[in-house]
Amino acid sequence: MSIVAQIKDRLRKKRAEQITEGYPAYREVLLQVIEGREDSIDPMELEAILQSVGKSLDDIESDSELLKKRLAWSKELEAGNEARTKLPKESVELQELRTELQRITDDLNAKIQAQAEIVRGLEHQVSYGASATWSLERPENCIDTGIAERIAVIDRRRQSVIQEINTIAHPTMGSRNPHAVELARTHLAKWERELRVDPSCKYTRRQYQRWADVVSGCENNLASQDSIVAELNASLRELDAEREQIRKEMLKP
């Protein structure tokens, strides 16, 4: 390298050192701009600072934007370094958790399979039990024919009671029909209104009394029917209980 080139290198190095020395003050100026504190910058000091780093007023705006980016990058770098430090430990913990989960999963799967076998076995037994119940309850499979006949008698009596209940609960005509009762009440309400309009009219009074008697008779019949249905339902429950008791006897071998 020639002497001139060496001199130029020393001058450039010297200038770079001077700029580096002046940069902290210039950086402070840029921070004041970023933070909106431009009014606190002393013009005389600013001129000296710009001269020390070889900058002009036109450079401040672009350099402040660049410094803002560098500050953000610096934060990201710091967070990245901190994450890099934590990453090995957290990765180990994650793997340990995965291993523990796999162990628990394997253990639960084994228990589930064992329990499923128990449930399947019980389901088979329930199915076999239902089939055995059906076979034991068949009259042709009952050695004690008296039990089968008692069941048949109860079933006929039950059917008779059910038919009687249905006949009372679903009447078709006369005072036993709830719809007829409602119709009679409608007529009674009509003649009651007429009677309030003209209490002295004998015809209206006779009609009112007539429908009052009809409604009273219908209501008494319905009340009687309710009592009869209640008695029949009680009889049906007794028959069901007796049948269940005999059915249990049929299940004995």
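Residues numbered from 1 in each chain as written. Predicted model: local features only at pLDDT ≥ 70, side-chain atom pairs only at ≥ 80, totals over all residues. Heavy atoms only, no water.

**Overview of helix α3 (residues 57-137)**
Given 3.6 residues per helical turn, the α-helix brings residues three or four places apart onto the same face. Maximum bend of α3: about 40°, positioned at Leu87, with proline Pro88 one to four residues after it. When we look at burial in α3, the residues that qualify are Ile60, Asp63, Ser64 and Leu67. (Bend = angle between axes of the 7 residues up to and from the residue. Helix = DSSP H or I, 4+ residues; strand = E, 2+ residues; numbered from the N terminus. Buried < 20%, exposed > 50% of the residue type's maximum accessible area, 1.4 Å probe, protein only.)

**What to know about helix α2 (residues 43-53)**
Of all the residues in α2, the buried ones are Leu46, Ile49, Leu50 and Val53. Taken around the axis of α2, the buried residues stretch over an arc of 100°, which confines them to a single face. Relative to its buried face, α2 has exposed residues pointing more than 90 degrees away, namely Met44, Glu47 and Gln51. Of the residues one or two after α2, Gly54 is the one with positive phi, at around 70°. (Arc of directions from axis to C-beta.)

**Things to note about the environment of Asn166**
On the secondary structure map, Asn166 appears in helix α4 (residues 145-169). Since its relative accessible area comes to 40%, Asn166 is described here as partly exposed. Separated by 63 residues in the primary sequence, Asn166 and Val229 place their C-alpha atoms 9.2 Å from one another.

**Overview of the pattern of salt bridges**
In this structure the tally under the stated criterion is 15 salt bridges. Linking Glu140 and Arg138 is a salt bridge whose minimum nitrogen-to-oxygen distance equals 2.8 Å. Of the charged contacts, one joins Arg247 and Glu244 as a salt bridge, the two residues approaching to 2.9 Å between their closest N and O atoms. With Arg247 and Glu244 both in helix α6 (residues 202-250) and three residues apart, the pair spans about one turn of that helix. Several salt bridges converge on common partners, so that one network encompasses Glu28, Glu35 and Arg37. (Salt bridge = Lys/Arg side-chain N within 4 Å of Asp/Glu carboxyl O.)

**Re the confidence of the model for the chain**
Per-residue confidence for the chain gives a mean pLDDT of 81, with 84% of residues at or over 70. The weakest mean pLDDT in the chain belongs to helix α1 (residues 3-34) at 68; the strongest belongs to α3 at 91. (pLDDT = per-residue confidence, 0-100.)

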